[in-house]
Amino acid sequence: MTATIAHAVLRERLHADAATVIDVRPLRFYNGWRQGDDARGGHIPGSVAFPAEWLDSVDAPEVARL
């Protein structure tokens, strides 16, 4: 399942709620490598990387702490 949010909505929430964006994509995409026909790579400034694949190697207490 892929969840999306409109750029304008994300921008508004980031400024209004002091939200944290967690990027769950593989690190190669967070670091700027393109996927397929993407116009550009990388991450939203201020976001943090926590690839979903880490959930297989990190125990539950550590996930909760992070």
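What you see is a predicted model, and the numbers here were worked out from it, not measured in a lab.

Quick look at the overall build of the chain
Okay, step 1: Check the secondary structure of the chain and you find three helices and two strands.
Okay, step 2: The order of α-helices and β-strands along the chain, N terminus first, is α-β-α-β-α.
Okay, step 3: Seen through its principal axes, the chain has C-alpha atoms that stretch 35 × 30 × 20 Å.
Okay, step 4: Classification of the 66 residues of the chain by burial places 12% in the buried group.
Okay, step 5: Contacts in the chain between residues at least 24 apart in sequence constitute 43% of all its contacts with a sequence separation of at least 6.
Okay, step 6: For the chain, the accessible surface area stands at approximately 5,600 Å², while carbon and sulfur atoms represent 54% of it.
Okay, step 7: Here the chain contributes 7 positive and 9 negative side-chain charges, whose respective centroids are spaced 8 Å apart.

Observations regarding the environment of Trp 33
Okay, step 1: Topologically, Trp 33 is positioned in the loop between helix H2 (27-30) and strand E2 (48-49).
Okay, step 2: Overall, the relative accessible area of 59% leaves Trp 33 in the exposed class.
Okay, step 3: Considering only alpha carbons, one finds Trp 33 and Asp 17, 16 residues apart in sequence, at a separation of 29 Å.
Okay, step 4: Residues in contact with Trp 33, not counting those within four places in the same chain, are Arg 28 and Gly 41.

Details of helix H1 (residues 7-17)
Okay, step 1: Of all the 11 residues making up H1, one are buried; the element is thus mostly uncovered.
Okay, step 2: Ala 18 sits one or two positions beyond H1 and adopts a positive phi of about 50 degrees.

Here's the deal with the layout of surface pockets
Okay, step 1: Taken as a whole, the largest pocket holds about 890 Å³ of empty space.
Okay, step 2: Around the largest pocket sit 25 residues that line it, and Ile 5, His 7, Leu 10, Arg 25 and Ile 44 are the ones nearest its centre.
Okay, step 3: Only H1 and strand E1 (22-23) provide two or more residues apiece to the lining of the largest pocket.
Okay, step 4: Counting residues per element, the lining of the largest pocket draws most heavily on H1, which supplies five residues.
Okay, step 5: Taken together, the residues of the lining of the largest pocket break down into 11 nonpolar, eight polar and six charged.

Thresholds, definitions, all that
- Residues numbered from 1 in each chain as written.
- Predicted model: local features only at pLDDT ≥ 70, side-chain atom pairs only at ≥ 80, totals over all residues.
- Heavy atoms only, no water.
- Helix = DSSP H or I, 4+ residues; strand = E, 2+ residues; numbered from the N terminus.
- Buried < 20%, exposed > 50% of the residue type's maximum accessible area, 1.4 Å probe, protein only.
- Contact = heavy atoms within 4.5 Å.
- Areas by Shrake-Rupley, 256 points an atom, 1.4 Å probe, with all protein chains shown as cover.
- Lys, Arg positive; Asp, Glu negative; His and termini not counted.
- Charge placed at Lys NZ, Arg CZ, Asp CG, Glu CD.
- 1 Å grid on protein atoms, 1.4 Å probe; cavity = no way out; pocket = protein on both sides within 12 Å on 5 of 7 lines; lining within 4 Å.
- Points joined across faces, edges and corners; volume = space filled by probe spheres on them.
- Nonpolar A, V, L, I, M, F, W, Y, C, P; charged D, E, K, R; others polar.

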